[in-house]
Amino acid sequence: MKSYYIYTYGCQMNESDSERLAHQLESVGYIATEEVNEADLIILNTCCVRETAENKIYGRIGELKHLKEKNKNLIIAITGCMAQKNQADMFKRAPHIDIVLGTHNIQHINEMVKEVQRTKKRQVNVEMDNTVLPELAAKPNGTFFAWVPIMNGCNKFCTYCIVPHVRGREISRPVEAIVKEVRELGEKGFKEITLLGQNVNSYGLDFKDGTDFGTLVDALDGIPGIERIRYMTSHPQDMTKAMVDALGRSSNIVTQLHLPVQSGSDNILQRMNRHYSVEQYKDLLQYCREKIDGVTITTDIIVGFPGETEEDFQQTLQLLKDVRYDMAFTFIYSKRSGTPAAEFEEQVPEEVKRVRLQALMDVQNEISLELNQAMEGKVYDIIVEGPSRTDENMWFGRTSGNKMVLFPKQDGLNVGDIVDVRIDKGQTWVLYGTVL
Ligand code: 5AD
Ligand code: SF4
């Protein structure tokens, strides 16, 4: 019996791809191991959205070198976005790697492994086929929630972003294939699914037959067993009012919307190639709040984009205060070579970026705290996820709005149960409650 170990970095799309890699490996007899030191095959499913991610992964690849020295038959494979970006150059920096497999080629993992075993030579496959999306089964993750990719790629080309370069053009999965997978998940006892795409709001447009994200949301409504449908990531430019209406009328779409704004300055949004103004963005959010009852709103923001002045940054702070996000994921701009913004003059000094990030987090943390405190005394339904990582006497679950709620462990409660909790205390990142 041969064993495998997968490290997964980056976004949920990679989590999903790792489950699909695992399924393929197990279909030819590999078994998962918890001990990386004992694995016969190690996969690093990688991310390159920011430089920090890449550095971390190169660090890990370096640490694996000694395992290779101990076990000459060990195979190390690099998959995902960094593999796609750096291609065979990965071997220069890390000669102990055996396989570099691009984002469009994970269906070939077993052949690649066999080829290394047969030839004892390194293998690279980074061909990009922007016309088909292979249907790949996933290894069940032993929980009540599952990832469901609905498309791959991105056609937006925001000027800072490497994703369109490494994930290729948008290709959607047919509605029927997605509905079939979700039905099967419901039959297997999964209660929550997350629809994944770099830009879910342009789902289906490549079919050119009128299909869009709203069509998919309607088609997934009422599938037995599926209590909650999450979706990410949305793009303000492509999110139409009709889609918002579909989200609002669906019985199982969650009351959370992740709508990255990236900046609160029209000038910067234009330089980012985002195709909307702050005013349009705010109008859209207003519409979402009207149509999706009790919706929580989260966002992504980049500070220190080239040319961002103090005035631009102040506008971003103002936007946070106007919108009052439940949570914001905040990033320091990271230069990605091959993207237009990397060539822009007026790069912002590192120190300024750090100061802005801190100021942004300070403002947001206060808002998150206030919004979570406002939930105190109210009752929400949560799906029980299991014991808290830090305190085994506490369990946790999430609301439909994706707020994490901790509560004292109780007999008779099982992972996946849906229960009512009363919120007793709201903090910045978590809430404390009592199961009713
Ligand atoms: N630098 C910093 N943040 C980035 N993001 C994407 N590219 C970069 C970059 N070069 C952020 C965006 C996106 C999130 C997933 O990552 O905010 O929404
Ligand atoms: Fe990157 Fe913009 Fe596409 Fe998101 S929409 S993946 S930020 S290019």
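Throughout what follows, the structure given in this document is the object of discussion. (Residues numbered from 1 in each chain as written. Chains lettered and ligands numbered in written order. Predicted model: local features only at pLDDT ≥ 70, side-chain atom pairs only at ≥ 80, totals over all residues. Heavy atoms only, no water.)

### A closer look at the sheet that holds strand S16 (residues 394-399)
Next up, step 1: Strand order in this closed barrel of five strands is S15-S16-S17-S19-S18, and the pairing throughout is mixed. Strand-to-strand twist of the sheet, defined as the mean angle between neighbouring strand axes without regard to direction, takes the value 50°.
Next up, step 2: Where S16 and strand S17 (residues 404-408) come together, five bridges link them in antiparallel fashion. If you follow Met394 over to S17, its bridge partner there is Pro408. (Pairing = 2+ DSSP bridges. Helix = DSSP H or I, 4+ residues; strand = E, 2+ residues; numbered from the N terminus. Axes fitted to C-alpha atoms, helices over the stretch in contact; angles between N-to-C directions.)

### Let's talk about the site of ligand 2
Next up, step 1: Around ligand 2 lies a shell formed by Cys154, Lys156, Phe157, Cys158, Tyr160, Cys161, Val163, Pro164, Gln198, His235 and Arg274.
Next up, step 2: Classifying every residue of the shell around ligand 2 by side-chain character gives seven nonpolar, two polar and two charged. (Near = heavy atom within 4 Å. Nonpolar A, V, L, I, M, F, W, Y, C, P; charged D, E, K, R; others polar.)

### Points about the packing of helix H13 (residues 310-323) against helix H15 (residues 350-373)
Next up, step 1: Remark: H13 packs on H15, axes separated minimally by 10 Å, with the N-to-C direction vectors making an angle of 15°. Relative to H15, the element H13 is oriented roughly parallel. When the axes of H13 and H15 are compared, the crossing they make is right-handed. Residues Glu310, Phe313, Thr316, Leu317, Leu320 and Lys321 of H13 form the contact with H15, whose own contacting residues are Arg356, Ala359, Leu360, Val363, Gln364 and Ile367.
Next up, step 2: Of the residues belonging to the contact of H13 with H15, the class tally is seven nonpolar, two polar and three charged. (Parallel < 35°, antiparallel > 145°, perpendicular 65-115°, else oblique. Left-handed = near helix turned anticlockwise from the far one by under 90°. Contact = heavy atoms within 4.5 Å.)

### What about helix H10 (residues 241-249)?
Next up, step 1: Three or more residues of H10 are buried, namely Met243, Val244, Ala246 and Leu247. Down the axis of H10, the buried set is contained in an arc of 155°. They therefore lie on one face. The exposed residues of H10 that point more than 90 degrees off its buried face are Lys241 and Arg249.
Next up, step 2: On the buried face of H10, the contacting elements are helix H9 (213-219), strand S11 (228-232) and helix H12 (278-291). (Buried < 20%, exposed > 50% of the residue type's maximum accessible area, 1.4 Å probe, protein only. Arc of directions from axis to C-beta.)

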